[in-house]
Amino acid sequence: MYYVYQLKSLSEPKQRYTGYTQNLKARLAKHNNAEIPHTSKFTPWKLVNYIAFSDELKAKEFETYLKSGSGRSFANRHFW
């Protein structure tokens, strides 16, 4: 499975992150262990939601959408 996930920083609640992975548990651990440069300064992170896809391309497309202007608006209305 491929997961598109959204995180919220517990130290800086206005900081959010959207990503994609095949191993959600390991990826969240990497974020919280400051192993991901983009998110390292806002640890710890809380998993807000995730969506599982069986198709990798669909997961990547949905992640890209959530990072777009209309995707952020959608996420603000439905997930945050």
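Once a new chain begins, its residue numbering starts again from 1 and follows that chain's sequence as written. pLDDT decides what is reported in this predicted model: residues at 70 or higher carry local features, side-chain atom pairs at 80 or more are listed and counted, and totals for whole chains, interfaces and linings draw on all residues regardless. The basis for the side-chain values is all heavy atoms of the structure; hydrogens and waters are excluded.

Caption draft 1: Quick look at the pattern of salt bridges. For salt bridges, the criterion is a side-chain nitrogen of Lys or Arg within 4 Å of an Asp or Glu carboxyl oxygen. Under the definition given, this model contains two salt bridges. The partner of Glu-56 in a salt bridge is Lys-60, and the shortest N-O contact between them spans 3.5 Å. Remark: Lys-60 and Glu-56 occur in helix α2 (residues 56-66); sequence separation between them is four residues, near one turn of the helix. Type-normalised accessible area, obtained with a 1.4 Å probe on protein chains alone, sets the label of each residue: buried when under 20%, exposed when over 50%, and partly exposed for intermediate values. Exposure remark for Glu-56: the relative accessible area of 32% places this residue in the partly exposed category. Helix and strand assignments follow DSSP, with helices taken as H or I runs no shorter than four residues and strands as E runs no shorter than two, numbered in order from the N terminus.

Caption draft 2: A look at the packing of aromatic side chains. Aromatic pairs are defined between Phe, Tyr and Trp rings, using the six-membered ring for Trp, whenever the two ring centres lie within 6.5 Å; interplanar angles under 30 degrees are classed as stacked, those over 60 as edge-to-face, and all others as tilted. Counted according to the given criterion, the structure contains eight aromatic pairs. On the basis of an interplanar angle of 55 degrees and a centroid distance of 6.1 Å, the ring pair of Tyr-65 and Phe-74 is categorised as tilted. When its relative accessible area of 31% is taken as the criterion, Tyr-65 is described as partly exposed. Grouped by ring-pair contacts, the aromatic residues Phe-53, Phe-62, Tyr-65, Phe-74 and Phe-79 constitute a single cluster.

Caption draft 3: Highlighting unusual backbone geometry. A cis amide bond links Thr-43 to the next residue, Pro-44, at an omega of -5 degrees. Of note in the backbone geometry, Ala-34 takes a positive phi value of approximately 60 degrees without being a glycine. Along the polypeptide, Ala-34 turns up in the loop between α1 (24-32) and β3 (45-53). For Ala-34, a relative accessible area of 40% puts it in the partly exposed group.

Caption draft 4: Molecular detail of the confidence of the model for the chain. The predictor's confidence in any single residue is recorded as pLDDT, a number from 0 to 100. When pLDDT is averaged along the chain, the result is 96, and 100% of the positions lie at 70 or above. The least confident element of the chain is helix α3 (residues 69-78), whose mean pLDDT is 93; the most confident is α2, at 98.

Caption draft 5: Representation of the pairing of strand β1 (residues 2-9) within the structure. Counting buried residues along β1, seven of its eight residues qualify, which places the element largely inside the surrounding structure. Pairing between strands is defined by DSSP: at least two bridges between the two strands are required. In this sheet, β3 lies alongside β1 in antiparallel orientation, the contact comprising eight bridges. When the sheet's bridge partners are listed, Leu-7 is paired in β3 with Leu-47. Sheet topology note: the β1/strand β2 (residues 16-21) ladder contains six bridges and is antiparallel. Looking at the pairing, Val-4 lines up with Tyr-20 of β2. Joining the antiparallel neighbours β1 and β2 is a turn of six residues.

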